[in-house]
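Secondary and tertiary structure notes
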Amino acid sequence: MKAPVRVAVTGAAGQIGYALLFRIAAGDMLGPDQPVILHLLEITPALPALQGVVMELNDCAFPTLHGVVATDDVNVAFKDVDYALLVGARPRGPGMERKDLLEANGAIFAPQGKAINDHAKRDVKVLVVGNPANTNALIAQQNAPDLDPNCFTAMVRLDHNRAISQLAEKTGALNTDIRKVTIWGNHSSTQYPDVHHASVKGKPALEQIDQAWYEGSFIPTVQQRGAAIIKARGASSAASAASAAIDHMRNWALGTAEGDWVSMGIPSDGSYGIAPGVIYGYPCTCKDGKFAIVQGLAINEFSRARMDATDKELREERAGVEHLFAKK
Ligand code: NAD
Ligand code: LMR
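For every chain, the first residue of the written sequence is number 1, and numbering continues from 1 onward in sequence order. Written order determines the labels here, with chains lettered from A and ligands numbered from 1. In view of the model being predicted, local features appear only for residues whose pLDDT reaches at least 70, and side-chain atom pairs are presented and counted only at 80 or more, with totals across whole chains, interfaces and linings using the full set of residues. Only heavy atoms go into the side-chain values, all of them from the structure, while hydrogens and water stay out.

1. Describing the overall build of the protein
Our working definition: In this description a helix means any DSSP run of H or I spanning at least four residues, a strand means any run of E spanning at least two, and both kinds are numbered starting from the N terminus. This radius of gyration counts C-alpha atoms alone. The globule rule is 2.2 Å times how many residues there are, raised to the power 0.38. A 1.4 Å probe rolled over the protein chains alone gives each residue an accessible area, and that area as a share of the maximum for its type sets the label: buried under 20%, exposed over 50%, partly exposed in between. Here the open area of atoms and residues is found with the Shrake-Rupley method and a 1.4 Å probe, where only the protein chains shown may cover a residue. Residues scored as positive are Lys and Arg, those scored as negative are Asp and Glu, and His as well as the terminal groups of each chain are ignored. Charge positions are represented by NZ for Lys, CZ for Arg, CG for Asp and CD for Glu.
Across its full length, the protein holds ten helices and 14 strands. Here the C-alpha atoms of the protein give a radius of gyration of 19 Å, agreeing with the 20 Å that 2.2 N^0.38 yields for 328 residues. In terms of overall dimensions, the protein has C-alpha extents of about 50 × 45 × 40 Å along its principal axes. When burial is assessed residue by residue, the protein has 55% of its 328 residues classed as buried. By element, 53% of the accessible surface of the protein is carried by carbon and sulfur atoms, the whole surface being about 13700 Å². For the protein, the centre of its 32 positive side-chain charges and the centre of its 35 negative side-chain charges are spaced 1 Å apart.

Take a look at the structure:
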């Protein structure tokens, strides 16, 4: 067994939290040889419910769970943490757009970014799940001036997994037969699910589907999947979101598979002509705890227009929250 690492989860008494904590504690995220100490953050009124979750975590007697800290204090929650999953936020209700939530959630992520800056490990890996995830990640990052900006990422992995599943179902393949799908941009309805570089059983995906299905069904289905689940369930996706968060962190920490890539919302370095600084979904490989953007992919006009549209939305979201950034 390795030495334990500290993993913070915010919104720990919420529905994603309930689907996430037990898997992290069981070793699904960092491996069966990596013990974890969970740091669980909630708002004060949710602390009694959180205590119930802590009781259940303890009752599982997980070999890899070496401790639990439950708190409503951001400074305690992020003290010495190696990983932070920022889930706590207000979920979108029926008919609401993510943009409506920017201001309310911004007020959560600025103080959390500052507390991470002041208390977390210097190489902390932060994943923002709470919506609007990309711009919330930017707000947290911009309140953590002492940390490497690349410590902060946002989740587009659920969209990536949805794209794999849709493509597998259409082509009669297994999920494991699909390689190199990409989610470019924002975790919102402007995201661009791209299969131009994807393969199914080693052959180009675009040769196995027709353009009408790709444009008219696949892209809107992946873009609108979150809203479809809210409509069907009366609540936003939880177990699949938790599973995607585990996938994102596991790949970032332990690496991606040879011959494939994953989609991660990461600070743009200007690659593929995207505005530098916005947290943009890119195809990434990971090695030794670091991510790298897959470079050199050919981008046709169809893709270019969609990549730019989601970039534009992210630049607009950024303009709306700049007042929440720490003064430089
Ligand atoms: P939920 O309402 O069930 O749980 C959210 C929890 O966060 C609540 O327990 C609440 O008390 C807590 N919370 C609120 N403010 C907090 C704060 N300042 N500090 C700590 N905790 C706080 O919601 P959920 O279904 O678990 O969803 C959480 C978020 O994840 C939502 O914003 C949702 O839209 C988002 N989401 C993102 C994706 C994605 O792919 N990126 C997918 C699904 C859901
Ligand atoms: C999802 O993609 O399932 C969620 O982000 C939906 C939402 O808006 O909460």
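Now that the structure is up, let's keep going.
2. Observations regarding the sheet that holds strand 7 (residues 178-179)
Here is the rule we go by: DSSP calls a pair of strands paired once it identifies at least 2 bridges connecting them.
Within the open sheet, the three strands sit side by side as 7-10-11. Their pairing is antiparallel. For this open sheet the edge positions go to strand 7 and strand 11 (203-204), each flanked by a neighbour on one side alone. Sheet analysis places strand 10 (residues 199-200) next to strand 11, joined by two bridges and oriented antiparallel. Across the sheet, the residue bridging to Ser 199 is Pro 204, located in strand 11.

3. A word on the UniProt feature "binding site: NAD(+)" (unreviewed entry) in the protein
Put simply, the rule reads: UniProt positions are given in the numbering used here, feature names are shortened, and annotations may be inferred rather than shown by experiment. In this description, contact between two residues means that some pair of their heavy atoms is separated by no more than 4.5 Å.
As annotated in UniProt, the feature "binding site: NAD(+)" (unreviewed entry) corresponds to Gly 11, Ala 12, Ala 13, Gly 14, Gln 15, Ile 16, Gly 17, Asn 105, Gln 112, Val 129, Gly 130 and Asn 131 in the numbering used here. Mapping Gly 14 onto the fold places it in the loop between strand 1 (5-10) and helix 1 (15-26). Under the relative-accessibility criterion, Gly 14 is labelled partly exposed at 26%. By the element assignment, Ile 16 lies in helix 1. Residue contacts for Ile 16: discarding those within four places in its chain leaves Val 87, Val 129, Ser 237, Ala 238, Ala 241 and Ala 242.

4. Focus: the packing of aromatic side chains
Rules: Two aromatic rings, drawn from Phe, Tyr or Trp (for Trp, its six-membered ring), form a pair once their centres lie within 6.5 Å of each other, and the interplanar angle then sorts them: stacked below 30 degrees, edge-to-face above 60, tilted otherwise. Cation placement over rings: the criterion is NZ of Lys or CZ of Arg within 6 Å of the ring centroid and within 35° of the ring normal.
Counting across every chain of the model gives ten aromatic pairs. Ring centres of Tyr 214 and Phe 218 lie 5.7 Å apart, and the angle between their planes is 35 degrees; on these two criteria the pair is classed as tilted. Here Tyr 214 pairs with Phe 218, and both are found in helix 7 (residues 211-223), just four residues apart, close to one helical turn. The class of Phe 218 is buried, set by a relative accessible area of 1%. Here the aromatic rings of Trp 252 and Phe 291 are separated by 5.7 Å at their centres, their planes lie at 55 degrees, and the arrangement is tilted. With Trp 252 in helix 9 (residues 239-254) and Phe 291 in strand 14 (residues 290-293), this pair connects stretches of sequence that are 39 residues apart. The class for Phe 291 is buried, based on a relative accessible area of 14%. Aromatic rings pair up to connect Tyr 192, Trp 213, Tyr 214, Phe 218 and Phe 302 into one cluster. In this arrangement the basic side chain of Arg 306 is found over the ring face of Phe 302, its NZ or CZ atom lying 3.6 Å from the centre.

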